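# Structural overview
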Amino acid sequence: MSPRPRLPGEHGFTSRLRSPAVSARVGRWLGISFGICFLTGLVSHYAQDPSQPVPFPTSPAWGYRVTQGLHVTTGIASVPLLLVKLWTVFPLLLQSLPAGTGARLRAAGERASNAVLVASSVFLLTTGLLNSTQWYPWEFSFRRTHYALAWVAIGALLLHLAIKAPTIREALRRDVDDPALDRPTATEQGALGRRGLLRATWTASALAVLATAGSTVPWLRQVSVLGVRSGEGPGGVPVNRTARAAGVTETAVDPAYRLEVVRGTRRVSLAREDLLAMPQRTEGLPIACVEGWSASAAWTGVRLRDLLDLVDAPAGSEVEVTSLQQRGAFARTLLQGNFADDDRTLVALALAGEPLDLDHGYPARLIAPNRPGVLQTKWLSRLEVLA
């Protein structure tokens, strides 16, 4: 009977590349990427929260486009960095626990925190990438779960940095080829040196960004072969959710369509022709989605404040915005008062000089500055001013 295969111990990994000198340098950039990704993720989560103690700003109009683009880009940049980091430190997971109860408990606690950090990081990056492609092979709420695990990951990262700070400082202070902090068995040179591995890591991270960043940065679209949105779509704006998927292919083109503007007992009912007869404004505003893609466009329609004035809505009033769609988490959204009063916020009727395409929200949609795309409600049916 052949012996069972055994997982090699720490001594079985002899490459000099598996060194604190390498892992500290990769970890530094991984930590920066994770930090930016975490902070911009908080911005996105707050922007989508209907209960905002401090209203999300309407300016700059491109603010959310930049922060969400950075969120997705730094997440993608983190993938090769994390893979190399895990490869360099893997032998440490196989070390025997030290002698002594106290030392064993500290080592076990450190490994447990590392396991939480690795698991949460892999989960966040994997689900984030799947979200950017709009593939959801799970039943849980992506937004809530992603947000909760982000706090777990950042907490585990801070704990890891606190524990490893002396080793990290020492590794970064020394030359990358200095063997002082290497494990005793890490003596095999190999074909690729440490500087070569680091250069390959930076290159892989940069290529991952270039291959996807065109979804946010238009002039990179020619090289972003893996970008999930190329800018194609009616009026040069991509479509996430089609009219068919929203179940509005009939109601959106019904001649009986009316947009209801309501405040208490006051009610105004407007056909699309009525909206077209009102003063029209054109605003150049980007639309930016949580998946990381964005596009600038010229939107034409009625200023929302003009519609609210029809029912004498006070300045600063919040508005509940309802879509014709019957399915979807954002069929009904809340528009904060500062967005409702902003002159750039429109009930758009046209895009790039042409009537709205059905998939872009015909007969009317909301478009506001610095607002997540999922809240730019399409196929408007009702605007209700809240008391």
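Above this text you will find the structure in question.
Below or above, wherever it landed, is the structure these notes cover. Numbers given for residues are sequential positions, taken from 1 along each chain in its written order. With pLDDT at 70 or above as the cut-off, local features in this predicted model cover only qualifying residues; side-chain atom pairs require 80 or more to be listed or tallied, and sums for whole chains, interfaces and linings still use all residues. Hydrogen atoms and water are omitted, and side-chain values are computed over all heavy atoms in the structure.

In this text, helices come from DSSP runs of H or I with a minimum length of four residues, and strands from runs of E with a minimum of two, each type numbered from the N-terminal end. Each helix and strand in the chain was counted, giving nine helices and 10 strands. Projecting the C-alpha coordinates of the chain onto the three principal axes gives extents of approximately 80 × 50 × 45 Å. Evaluated residue by residue, the chain yields a buried proportion of 46% over its 387 residues. Residue contacts are counted whenever heavy atoms from the two residues lie within 4.5 Å of one another. A separation threshold of at least 6 residues defines the contact pool for the chain, and within that pool the share at least 24 residues apart is 69%. Accessible area is worked out with a 1.4 Å probe on protein chains only. A residue is then buried under 20% of its type maximum, exposed over 50%, and partly exposed in between.

With that settled, consider the environment of Gln 336. Residue placement: Gln 336 occurs in the loop between strand E6 (332–335) and helix H9 (337–341). Residues Gln 336 and Leu 226 lie 110 residues apart in sequence; the distance between their C-alpha atoms is 36 Å. In this view, Gln 336 contacts Asp 49, Pro 50, Gln 52, Ser 317, Glu 318 and Arg 371; residues no more than four positions away in its chain are not counted.

Here we come to the side chain of Gln 48. If you trace the backbone, Gln 48 turns up in helix H1 (residues 20–48). Overall, the relative accessible area of 12% leaves Gln 48 in the buried class. Pairing of N or O atoms within 3.5 Å defines a polar contact, subject to two protein rules: one partner must be a possible hydrogen donor and the other a possible acceptor, and residues neighboring in sequence count only if both atoms are side-chain atoms. Polar side-chain contacts of Gln 48 include one of 3.1 Å to the side chain of Ser 44. Dropping the residues within four chain positions of it, Gln 48 is found in contact with Tyr 64, Arg 143, Val 290, Phe 330, Pro 372, Val 374 and Leu 375.

With that settled, consider helix H5 (residues 194–210). Helix span, expected: 1.5 Å multiplied by one less than the number of residues in the helix. Look at H5: 24 Å from first C-alpha to last across 17 residues, which is about the 24 Å you get at 1.5 Å a residue. The secondary structure elements touched by the buried residues of H5 are H1 and helix H2 (63–89).

Here H1 is 29 residues long and its end C-alpha atoms lie 40 Å apart, about the 42 Å a rise of 1.5 Å per residue gives. Residue Ser 19 occupies the N-cap position of H1, its side-chain oxygen lying 3.0 Å from the main-chain nitrogen of Ala 21.

This part covers the pairing of strand E2 (residues 266–270). As defined by bridge partners, strand E1 (residues 259–263) adjoins E2 across five bridges and the pair is classed as antiparallel. Directly across from Arg 263, in E2, lies its bridge partner Arg 266. Hairpin remark: E1 followed by E2, antiparallel, with two residues in the connecting loop; positive phi at Gly 264, about 60°. Should DSSP find at least two bridges between two strands, the strands are taken to pair.

At the junction of Ser 59 and Pro 60, the peptide bond is cis and its omega measures out at -5° in the coordinates. A cis amide bond links Tyr 362 to the next residue, Pro 363, at an omega of 15°. When you line up the elements, Pro 363 lands in the loop between strand E8 (354–355) and strand E9 (365–367). With a phi angle near 55°, Asn 370 is a residue other than glycine that sits in the positive phi range.

Quick look at the packing of H1 against helix H4 (residues 142–173) now. Every axis in this analysis is a line fitted to C-alpha atoms, fitted for helices over the stretch in contact. Angles between the N-to-C directions lie between 0 and 180 degrees. Two elements in contact, H1 and H4, have axes separated by 10 Å at closest approach and are oriented at 150°. By the angle class used here, H1 and H4 are roughly antiparallel. Crossing angle aside, the handedness with which H1 passes H4 is left-handed. Contacts from Pro 20, Ala 21, Ala 24, Arg 25, Arg 28, Phe 34, Phe 38, Leu 42, His 45 and Gln 48 in H1 reach Arg 143, Tyr 147, Ala 150, Trp 151, Ile 154, Leu 157, Thr 167, Ile 168, Ala 171 and Leu 172 in H4. A class-by-class count of the residues in the contact of H1 with H4 yields 14 nonpolar, three polar and three charged. Any angle that falls under 35 degrees is termed roughly parallel, while one over 145 is termed roughly antiparallel, one within 65 to 115 roughly perpendicular, and all others oblique. In this scheme, a crossing is called left-handed if the near helix is turned counterclockwise away from the far one by less than a right angle; it is called right-handed if the turn is clockwise. Each residue gets one of three labels, nonpolar for Ala, Val, Leu, Ile, Met, Phe, Trp, Tyr, Cys and Pro, charged for Asp, Glu, Lys and Arg, and polar for the others, Gly among them.

A few words now on the packing of H1 against H2. Contact pair H1 / H2: the axes reach a minimum separation of 7 Å and the direction vectors enclose 150°. The orientation of H1 relative to H2 falls into the category roughly antiparallel. The element H1 and its partner H2 pack so that their crossing is left-handed. Class assignment of the residues belonging to the contact of H1 with H2 gives a composition of 15 nonpolar, 14 polar and one charged.

In terms of strand pairing, E1 meets strand E10 (residues 380–385) through three bridges, oriented parallel. Counted as the bridge partner of Glu 260 is Arg 382 from E10. Bridge count for strand E5 (residues 319–323) against E10 is five bridges, and the pairing is antiparallel. Following the sheet pairing, Thr 322 is matched in E10 by Arg 382.

Attention now moves to the sheet that holds E1. Pairing within the open sheet is mixed, and its five strands lie in the order E2-E1-E10-E5-E6. The sheet terminates laterally at E2 and E6, the two strands that pair on one side only. Neighbour to neighbour, the strand axes of the sheet diverge by 15° on average, direction disregarded. Relative to E6, E5 runs antiparallel, the two being bridged by four bridges. Pairing of Val 321 across the sheet is with Thr 333, part of E6.

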